[in-house]
Amino acid sequence: MVRVASVGQNGGVSSLKERIENDLATAMKAREETKVSTLRMLKSAIQNAEVAGDEAIVLTDDQTTAVLRAEAKKRAESAQIYADAGRAEAATKERAELAIIEAYLPAAMSDDDVRAIVEEEVAKAAASGATGGKAMGQVVKAVRERVGAGADGGKIAGFVKAALGN
């Protein structure tokens, strides 16, 4: 498996996983309890993903980002559930964890940018004869390829569904 890495501040090669591990050590030294517990949880989620298949792998940065997105989504949903249940303290904790996780995610594309890409792909699908529900899978796939990690899959599907009139 090819390992995708970026150049770190020190000029060496640093993956997203290594950045999380380094930040965990720094947070432990600074005694930042919320950051330590959140980064430990992320490290554990990454390790679980690495050993989840038939054989252990080393996740690429894109795969690690997908794990982080899933964890961020869990925190956002939990915060909303706690807030709706009147548990403000628990909701605040979940939002604090979400903020820490989001620092490791690439910047999300704006809704307007995603909608523009959806409109372009819907037009391409229509030009090739695919319309309505039949075009849904084709358009979602094309949009996901173009936006990469810049937008949530659920959001993309919602925009495509609206654009196709489903």
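Residues numbered from 1 in each chain as written. Predicted model: local features only at pLDDT ≥ 70, side-chain atom pairs only at ≥ 80, totals over all residues. Heavy atoms only, no water.

### Quick look at the packing of helix 1 (residues 16–30) against helix 2 (residues 33–50)
Packing of helix 1 against helix 2 brings their axes to within 9 Å, and their N-to-C directions diverge by 150 degrees. Between helix 1 and helix 2, the interaxial angle falls into the category roughly antiparallel. In the packing of helix 1 onto helix 2, the handedness of the crossing is left-handed. Across the interface between the two elements, Lys17, Ile20, Glu21, Asp23, Leu24, Ala27 and Met28 of helix 1 pack against Lys35, Val36, Leu39, Arg40, Leu42, Lys43, Ile46 and Glu50 of helix 2. Of the residues belonging to the contact of helix 1 with helix 2, the class tally is eight nonpolar, no polar and seven charged. (Axes fitted to C-alpha atoms, helices over the stretch in contact; angles between N-to-C directions. Helix = DSSP H or I, 4+ residues; strand = E, 2+ residues; numbered from the N terminus. Parallel < 35°, antiparallel > 145°, perpendicular 65-115°, else oblique. Left-handed = near helix turned anticlockwise from the far one by under 90°. Contact = heavy atoms within 4.5 Å. Nonpolar A, V, L, I, M, F, W, Y, C, P; charged D, E, K, R; others polar.)

### A closer look at the packing of helix 6 (residues 136–147) against helix 7 (residues 153–164)
Helix-helix packing: each pair is described by the crossing angle between the helix axes and the interaxial distance. Where helix 6 meets helix 7, the axes come as close as 10 Å, and the angle between the chain directions of the two elements is 135 degrees. Comparing the axis directions of helix 6 and helix 7 gives the class oblique. For the pair helix 6 and helix 7, the crossing hand works out as right-handed. Residues Met136, Val139, Val140, Val143, Arg144 and Val147 of helix 6 lie in contact with helix 7, whose contacting residues are Gly153, Ile156, Ala157, Val160, Lys161 and Leu164. Classifying every residue of the contact of helix 6 with helix 7 by side-chain character gives nine nonpolar, one polar and two charged.

The quantities given are spatial measurements derived from coordinates; they are silent on function.
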